[in-house]
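Here's the letter readout for the chains.
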Amino acid sequence: MARRFAASADRAVVAGVTKVTDRALGPYQTAVVRIGFSFTWLAFLLFEWPNRRELYGPDGPWSWELGSRLVESNHAFTVLLWSDGTLWFETVYALAVLASAALLVGWRTRTMSVLFMIGVLSLQNRSVFMGDGGDNVVHLMAMYLVLTRCGRVWSLDARRRARRPADDPGTDPLGIALWAVLGTALLVATVRGEVGWFGEDGPVPFVGWATVLWSLWLVYGLWWCVRPTRPAGADAGEDGGADAGEDRGAETGRKADVRRLMDILGNVVHNAALLVIMAEVCLIYATAGWYKIQGSRWQDGTAVYYPLNLDYFAPWPALSEVLGSSGPMVMVLSYGTVIVQVAFPFTLFNRRVKNVLLALMILEHASIAVVLGLPFFSLAMIAADAVFLPTVFLVWLGGRAARLGRRLRLRPRSRGAAEREETDGASGPARTLVG
């Protein structure tokens, strides 16, 4: 019995290690998280475009001097405090918008995730009092997305990989140019002393932003160097193809080994970051629910009544009045919110119950966006909740979206053109039920 138990444990450990290292788990979930948070931040930046200088720029009440003093004390990262010029602020804000849009469509996902993180941290740490709660979630997820392989599906990168021949990855001059430009910019910032190698101003203790950003830059360069190449001997001449083929084969083998090792490490880091995102969402709901339980207004079921009667959170006064004037409705909403938030982390191992509570939480945040006028907070929370959506539903949703996109791209044809096409196709090969 002991030997059978040990053998079963060994098989379970091997299967678990293989699953974690062999592939990046949750590709559709991480893609939805990427799309959700980049869309949320992009929509916020565009919505606040007329007020950008008052919120984060030189015209705001939180001046450049106050921001510098705060950053010196809390060691937060923001590139906006590198200069107090208006041109620098406009450049950073525009780059934040472009990085969000590029990450949304999945163009150069690895690079854009880093630029997206820099844009989020720079703007939020410049004016820490601008936010409604959803900014904290965007702040955290922006750093987690850098560690995920969130462009495997539903991205322009995935589309480019699918269209590229397996034995001809190409030289990618645009990627090389982008890598060189960003390396130059990072070198200038490092020489000027804007980012440090070690200290308290990094994302982790005793590690500065220079160490993190240069490490990412070097890793991305190594990814390109060990990319798949043409098979050995593909370009060999008539005479001396043997020696060249052997050398190229040995080089390709070494590159393949490094590529395989980096792929395993990338999968491990991705899966760990995905686990952290899931734990973060559970922690948000668990703490919110348990803190609500301790409040007297939540205990007597009247807590929802008070925000419904605040003019500041009443974009639709008539709707707020209808909901707030019903005692049973207020009690159901108050108790239901607490029950769903407290119970959700405990239902993750029961798929059906988890999906029901997940739908209720998404509906709750959509209601907050409409009733209380907090759309960006709700979008951020819905994007965080999306990490728990079932893969079957996401695949079905992606298929429906793809069919809808193809249908919109098709132009209506005249009856004569359709008849001519059918006539021309009659002399071609026979069609079967599967095409």
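Residues numbered from 1 in each chain as written. Predicted model: local features only at pLDDT ≥ 70, side-chain atom pairs only at ≥ 80, totals over all residues. Heavy atoms only, no water.

## Notes on the nonpolar core
- Ranked by internal contacts, the top residues of the largest apolar core, which has 74 residues, are Phe-37, Trp-41, Leu-45, Val-114, Met-117, Leu-123 and Met-141.
- Per element, the largest residue contribution to this core is eight residues, and it comes from helix H6 (residues 109–126).
- Apart from residues no more than four positions distant in its own chain, Met-141 is found in contact with Phe-37, Ile-277, Glu-280, Val-281 and Ala-384. (Core = buried A, V, L, I, M, F, W, Y, C linked by side-chain atoms within 4.5 Å. Buried < 20%, exposed > 50% of the residue type's maximum accessible area, 1.4 Å probe, protein only. Helix = DSSP H or I, 4+ residues; strand = E, 2+ residues; numbered from the N terminus. Contact = heavy atoms within 4.5 Å.)

## Regarding the pattern of salt bridges
- For the structure on display, the rule yields eight salt bridges.
- Note that Arg-52 is salt-bridged to Glu-90, the shortest N-O span being 2.9 Å. Note that Arg-52 is positioned in helix H3 (residues 52–55) and Glu-90 in helix H5 (residues 86–105), a separation of 38 residues in sequence.
- We classify Glu-90 as buried; its relative accessible area is 17%.
- Across the pair Arg-149 and Asp-263 runs a salt bridge, and its minimum N-O distance is 2.9 Å. Pair noted here: Arg-149 is in the loop between helix H7 (134–146) and helix H8 (156–163) and Asp-263 is in helix H11 (residues 241–293), with a separation of 114 residues, a long-range link.
- Arg-149 sits in the buried class, given a relative accessible area of 15%.
- Classification of Asp-263 as partly exposed rests on a relative accessible area of 28%.
- Residues joined in a network through salt bridges with shared partners are Arg-52, Arg-53 and Glu-90. (Salt bridge = Lys/Arg side-chain N within 4 Å of Asp/Glu carboxyl O.)

## Remarks on the packing of aromatic side chains
- The tally for this structure, following the rule as stated, stands at 16 aromatic pairs.
- Look at Phe-344 and Phe-388: their rings are 5.3 Å apart centre to centre, the planes differ by 80 degrees, and that puts the pair in the edge-to-face class. With Phe-344 in the loop between helix H15 (327–343) and helix H16 (351–371) and Phe-388 in the loop between helix H17 (375–385) and helix H18 (391–409), the pair connects residues that are 44 residues apart, well separated along the chain.
- Judged by relative accessible area, which is 0%, Phe-344 ranks as buried.
- The exposure class assigned to Phe-388 is buried, which follows from its relative accessible area of 5%.
- A network of ring pairs unites the aromatic residues Trp-41, Phe-44, Phe-47 and Phe-376 as a single cluster.
- Over the ring of Trp-223 we find Arg-110, and its NZ or CZ is 4.7 Å from the ring centre. (Phe/Tyr/Trp six-rings, centres within 6.5 Å; stacked < 30°, edge-to-face > 60°. Lys NZ or Arg CZ within 6 Å of the ring centre and 35° of its normal.)

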